[in-house]
Protein chains: 2
Amino acid sequence: MLLALDAMGGDNAPHEPCKGAILACREFSDLEIILVGNRAQIEPIIDQAADDVRRRLSVVHTEEYISMDEHPSRSIRQKRHSSLRLAMEMARSGEAQGCVSAGNTGAIVAGGVLVVGRISGIDRPALGVAMPTLNKYTFLLDVGATVRAKPINLYQFALMGNIYSKYILGVPSPEIALLSNGSEDIKGDEVIASAKEMLKVSSLNFTGYVEGDEVPFSKADVVVCDGFSGNVVLKFAEGVIQAVYSIAKEEMGRRILPKIGMVFMVPMLKSLWGRFDYEKHGGTPLLGVKGVVIKAHGRSKAPAVASAIRVARNFVLQKGVEHITNELHKEV
Amino acid sequence: MLLALDAMGGDNAPHEPCKGAILACREFSDLEIILVGNRAQIEPIIDQAADDVRRRLSVVHTEEYISMDEHPSRSIRQKRHSSLRLAMEMARSGEAQGCVSAGNTGAIVAGGVLVVGRISGIDRPALGVAMPTLNKYTFLLDVGATVRAKPINLYQFALMGNIYSKYILGVPSPEIALLSNGSEDIKGDEVIASAKEMLKVSSLNFTGYVEGDEVPFSKADVVVCDGFSGNVVLKFAEGVIQAVYSIAKEEMGRRILPKIGMVFMVPMLKSLWGRFDYEKHGGTPLLGVKGVVIKAHGRSKAPAVASAIRVARNFVLQKGVEHITNELHKEV
């Protein structure tokens, strides 16, 4: 298995992506990674890897890269030698079986469409997140690729989410729901209502609307929404958890008793934290494009990059792109 | 101060609304409440109140009410003797200075527009929530009155949020932000981008886009969004906190040490919980209508109803409706 990694993407590049590549190659002995980026910066980092890992890491040198705040489509069009674009071209040509980047989200989406290309019949791509919920994973999409969606987009997101849930997350018959502002039939707007009608007559196991507070309780296997809602919802929840944590820490600093209490709670907190740790669950697939494109969080450290590489590997092994292509032609 | 309470609204009516009225009258000796609903059900509950409270509670009898799953505008139009509609009519006519209901949200919004009426110049109303964030309250609107907003709606929500934050929450010069899927200028869709341009040239202290994860960190005093996003975001965050709590409880059940640890943590947890307790912070104003209309959460227990009554009282005292009306005519 050969994957391309945008070594210059993300807030902690190139150090953490390179370290992440080492971690992933340690985990999977069949894995080879092409690191795309500045050779002079990359080699000193990967040279620290053990021989059996180092020999599976190669570098494609480039001095151009796309920063986090550049204009997405403009940068991907103009920076033809950027590390992100080169990694995506490898995924398109087949030179690599997939690519991973912790870089500029908009540029990854734009590159997915402009460089890798959409699967024939797919109107707009979607970014999906496998979110840890009460007693399983819920796959939420779109979380930012398609800001405002048409009914056909939501319908296709549901199809793609179904495939991802079934083949990559291993759910036999995924329950698919549409995110809405209430569970009653009269809720939602025209777009969501039309998507609901399309989904009702589809072959999917569609269960109707789901409200925001039902999602963390594992109400559905796949939750479909437009990229705006998905993005603000996901980020808001991240922010709430961080804020609670930060307030708890502050309270802790003011009191003696809780500090004693905490000592007893370490194993529980570790287990609790593990379930919500984005480092462990990193790796957001860009669905609807003719290749494996996995986005890691911009703030990713090495373990999160390794997790995104794991997702890419899994997506290749489970033939995610082929399944979406086939299913789409069956439905339409 | 005389307020009307829809005693039949909410999942726990009439018991909890009636108890809530008692709590509120105990707190404010200037407060009188008209309870609208079934006299035979209401009187046994309020008769338990102490004399000085009981004499400030009166009943307007009706046998009609709007249930939680009825069609919003249809029910408010057709059920002319429903407890919600009668309470709203009192707020419109001036018989009461405001009204409170824990009932059907859609019917409250529809009643706000159809019964109480919009403030001249206001295109669509908004429901706002004063959300506890890291070190202050952030006023989030709309959380469900106007599902999809036009730029003028978002602009007016910002105006109304500014007034609420300034006069009711006591923030001298509120920072106003637009919720978006990224903080860069190119984010958002056409609606949000147009609203941004309107806000930039307004007299408001507008600070631009805010991302979901920045909100819980008190990034702005007022955060503006459409009712769909606001609703799913708020509910999702509620759900995440409940799910974390539920997982923690389950872990706790499995282990001995955390139980011991918890004993030490009680005061800290109480303080932490207090900051996020919706019971204490209940009471969502419907802004943009010609009267004081406050919605309590459908699952409200007595303290949450009392909190909503407190919000209504405060809104009346601070002349919220007059301020919005004046400000609107200044801006346009």
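Residues numbered from 1 in each chain as written. Chains lettered and ligands numbered in written order. Predicted model: local features only at pLDDT ≥ 70, side-chain atom pairs only at ≥ 80, totals over all residues. Heavy atoms only, no water.

Novice: Got a minute to help me understand the overall build of chain A in this structure?
Specialist: Per the secondary structure count, chain A includes 13 helices and eleven strands. For 332 residues, the compact-globule estimate of 2.2 N^0.38 gives 20 Å, and chain A sits close to it at 20 Å. With the principal axes as the frame, chain A shows a C-alpha extent of 60 × 60 × 35 Å. A total of 332 residues make up chain A; the buried ones form 59% of that total. Of the contacts made within chain A by residues no fewer than 6 positions apart, 73% connect residues no fewer than 24 positions apart. (Helix = DSSP H or I, 4+ residues; strand = E, 2+ residues; numbered from the N terminus. Rg over C-alpha atoms; globule rule 2.2 N^0.38 Å. Buried < 20%, exposed > 50% of the residue type's maximum accessible area, 1.4 Å probe, protein only. Contact = heavy atoms within 4.5 Å.)

Novice: Would you mind going over the pairing of strand β2 (residues 32–37) of chain A with me for this structure?
Specialist: Where a strand is regular, its side chains alternate between the two sheet faces. Residues and elements named next belong to chain A. A large share of β2 lies buried, amounting to five of its six residues. For the handedness criterion, the β-α-β arrangement of strand β1 (residues 2–6), helix α1 (residues 15–27) and β2 is classed as right-handed. Pairing of β2 with strand β3 (residues 57–61), which is carried by five bridges, proceeds in the parallel orientation. Among the inter-strand pairings, Ile33 is bridged to a residue of β3, identified as Leu57. (Right-handed = clockwise from strand over helix to strand, strands pointing away. Pairing = 2+ DSSP bridges.)

Novice: Please explain the side chain of Asn153(A) as it appears in this structure.
Specialist: Mapped onto the secondary structure, Asn153(A) falls in helix α7 (residues 151–168). Those residues in contact with Asn153(A) that sit more than four places away from it in its chain are Asp123(A) and Arg124(A).

Novice: Just checking my understanding: could you explain the sheet that holds strand β8 (residues 205–210) of chain A for this structure?
Specialist: Backbone-to-backbone hydrogen bonds pair the strands of a sheet. The strands run either parallel or antiparallel. Residues and elements named next belong to chain A. One open sheet holds the eleven strands; their spatial order is β3-β2-β1-β4-β11-β10-β5-β6-β9-β7-β8, and the pairing between them is mixed. Two strands lie at the open edges of the sheet, namely β3 and β8, each paired on one side alone. The mean angle between the axes of side-by-side strands here comes to 25°, regardless of whether they run parallel or antiparallel. With three bridges joining them, strand β7 (residues 175–179) and strand β9 (residues 222–224) adopt parallel strand pairing. (Axes fitted to C-alpha atoms, helices over the stretch in contact; angles between N-to-C directions.)

Novice: Even after reading the chapter, I still don't get the packing of aromatic side chains, so can you show me in this structure?
Specialist: Given two aromatic rings, one states the distance between the centres and the angle between the planes to describe the pair. Residues and elements named next belong to chain A. All chains considered together, the criterion is met by four aromatic pairs over all chains. Their ring planes at 15° and their centres at 4.3 Å tell us that Phe139 and Tyr164 sit as a pair that is stacked. On the criterion of sequence distance, the pair formed by Phe139 in strand β6 (residues 137–141) and Tyr164 in helix α7 is long-range, its members being 25 residues apart. Here the two residues Phe139 and Tyr164 agree in accessibility, since each one is buried. Feature note: the residues Phe139, Tyr164 and Phe315 constitute an aromatic cluster, connected by ring pairs. Looking at Arg148, its charged tip hangs above the ring of Phe228, at a distance of 4.4 Å from the centre. (Phe/Tyr/Trp six-rings, centres within 6.5 Å; stacked < 30°, edge-to-face > 60°. Lys NZ or Arg CZ within 6 Å of the ring centre and 35° of its normal.)

Novice: What's the story with helix α1 (residues 15–27) of chain B in this structure? I'm lost.
Specialist: The periodicity of an α-helix, 3.6 residues per turn, causes residues three or four places apart in sequence to face the same way. All names here are of chain B. Taking 1.5 Å of rise per residue, 13 residues should cover 18 Å, and α1 covers 19 Å from first to last C-alpha, within 8% of that figure. Glu16, Pro17, Cys18, Gly20, Ala21, Ile22, Ala24 and Cys25 are the residues of α1 that are buried. Against the buried residues of α1 lie β1 (2–6), β2 (32–37), α2 (39–46), α3 (51–54), β3 (57–61) and α12 (302–317). (Expected span 1.5 Å × (residues − 1).)

Novice: Sorry, what's going on with the nonpolar core here?
Specialist: Within the largest apolar cluster, 212 residues are counted, with the highest numbers of intra-cluster contacts made by Ile33(A), Leu35(A), Ile33(B) and Leu35(B). In contact with Ile33(B), other than residues within four places in its own chain, are Leu2(B), Leu3(B), Leu5(B), Ala21(B), Ala24(B), Cys25(B), Arg56(B), Leu57(B), Ser58(B) and Ile309(B). (Core = buried A, V, L, I, M, F, W, Y, C linked by side-chain atoms within 4.5 Å.)

Novice: Sorry, what's going on with the pattern of salt bridges here?
Specialist: Pairing between side chains of opposite charge can happen when the charged atoms of each approach one another. Throughout the structure, instances matching the rule amount to 32 salt bridges over all chains. Put simply, Glu43(A) and Arg39(A) hold a salt bridge, and the shortest N to O gap is 3.3 Å. Of this pair, Glu43(A) and Arg39(A) are both found in helix α2 (residues 39–46), four residues apart, which corresponds to roughly one turn of the helix. The exposure class of Glu43(A) is partly exposed, given its relative accessible area of 26%. The partner of Arg299(B) in a salt bridge is Glu238(B), with the nearest N and O atoms 4.0 Å apart. Residue Arg299(B) is found in the loop between β11 (293–295) and α12, and its partner Glu238(B) is found in helix α9 (residues 227–254); the two are separated by 61 residues along the sequence. (Salt bridge = Lys/Arg side-chain N within 4 Å of Asp/Glu carboxyl O.)

Novice: Quick question: what am I supposed to make of the packing of helix α7 (residues 151–168) of chain B against helix α8 (residues 190–200) of chain B here?
Specialist: In a packed pair of helices, the relevant descriptors are the angle between the two axes and the axis-to-axis distance. Residue and element names in this part refer to chain B. Packing of α7 against α8 brings their axes to within 8 Å, and their N-to-C directions diverge by 45°. One finds that α7 runs oblique with respect to α8. The way α7 lies across α8 gives a crossing that is right-handed. Between α7, through Pro151, Ile152, Leu154, Tyr155 and Ala158, and α8, the contact on the second element is made entirely by Val191, Ile192, Ser194, Ala195, Met198 and Leu199. (Parallel < 35°, antiparallel > 145°, perpendicular 65-115°, else oblique. Left-handed = near helix turned anticlockwise from the far one by under 90°.)

Novice: Would you mind going over the pairing of strand β10 (residues 284–287) of chain B with me for this structure?
Specialist: Residue and element names in this part refer to chain B. Where burial is concerned, the two faces of β10 agree: the one with Thr284 and Leu286 and the one with Pro285 and Leu287 are both buried. For strand β5 (residues 126–132) and β10, the ladder comprises two bridges, and the chain directions are antiparallel. Each bridged residue has a counterpart across the sheet, and for Leu127 the counterpart in β10 is Leu286. Strand direction decides the pairing type here: β10 and β11, joined by two bridges, are antiparallel. Across the sheet, the residue bridging to Thr284 is Lys295, located in β11.

Novice: Would you mind going over the sheet that holds β5(B) with me for this structure?
Specialist: Residue and element names in this part refer to chain B. Spatially, eleven strands are ordered β3-β2-β1-β4-β11-β10-β5-β6-β9-β7-β8 in an open sheet, and the strand pairing comes out mixed. In this open sheet, the two edge strands, each paired with only one partner strand, are β3 and β8 (206–210). Taking each pair of neighbouring strands and ignoring which way they run, the sheet shows an average axis angle of 25°. Of the strand pairs in this sheet, β1 and β2 are connected by five bridges, and their pairing is parallel. Across the sheet, residue Ala4 finds its bridge partner in β2, namely Ile34. On the sheet, α7 packs against β5, β6 (137–141), β7 (176–179), β9 (222–224) and β10 and is oriented at approximately 165° with respect to β9.

Novice: Looking at this structure, I do not really get the environment of Lys136(B). What am I missing?
Specialist: Residue and element names in this part refer to chain B. Relative to the assigned elements, Lys136 resides in the loop between β5 and β6. Note on Lys136: relative accessible area 28%, which makes it partly exposed. Placed 84 residues apart in sequence, Lys136 and Ala220 show a C-alpha to C-alpha distance of 9.6 Å. In this view, Lys136 contacts Met131, Ser218, Ala220 and Asp221; residues no more than four positions away in its chain are not counted. A polar contact is formed between the side chain of Lys136 and the side chain of Asp221, at a distance of 3.0 Å. (Polar contact = N/O pair within 3.5 Å; in protein donor to acceptor, adjacent residues only side chain to side chain.)

Novice: So what exactly am I meant to see when it comes to the domain arrangement of chain A here?
Specialist: Often, the extent of an interface is quoted as the loss of accessible area on bringing the components together. Residue and element names in this part refer to chain A. By domain assignment, chain A separates into domain 1 (1–122 + 282–320) and domain 2 (124–254). Taken together, the contacts link 19 residues of domain 1 with 18 residues of domain 2. When domain 1 packs against domain 2, close to 1,500 Å² is buried across both sides, 67% of that on carbon and sulfur atoms. For the interface between domain 1 and domain 2, the tally reads one salt bridge. Where domain 1 touches domain 2, the interface holds three residue pairs in polar contact (both at pLDDT 80 or more). Looking at which element gives the most residues to the side of domain 1 that touches domain 2, the answer is strand β10 (residues 284–287), with four residues. The residue inventory of the side of domain 1 that touches domain 2, partitioned by class, reads nine nonpolar, eight polar and two charged. (Domains from an automatic or database assignment. Buried area = accessible area lost by both parts, 1.4 Å probe. Nonpolar A, V, L, I, M, F, W, Y, C, P; charged D, E, K, R; others polar.)

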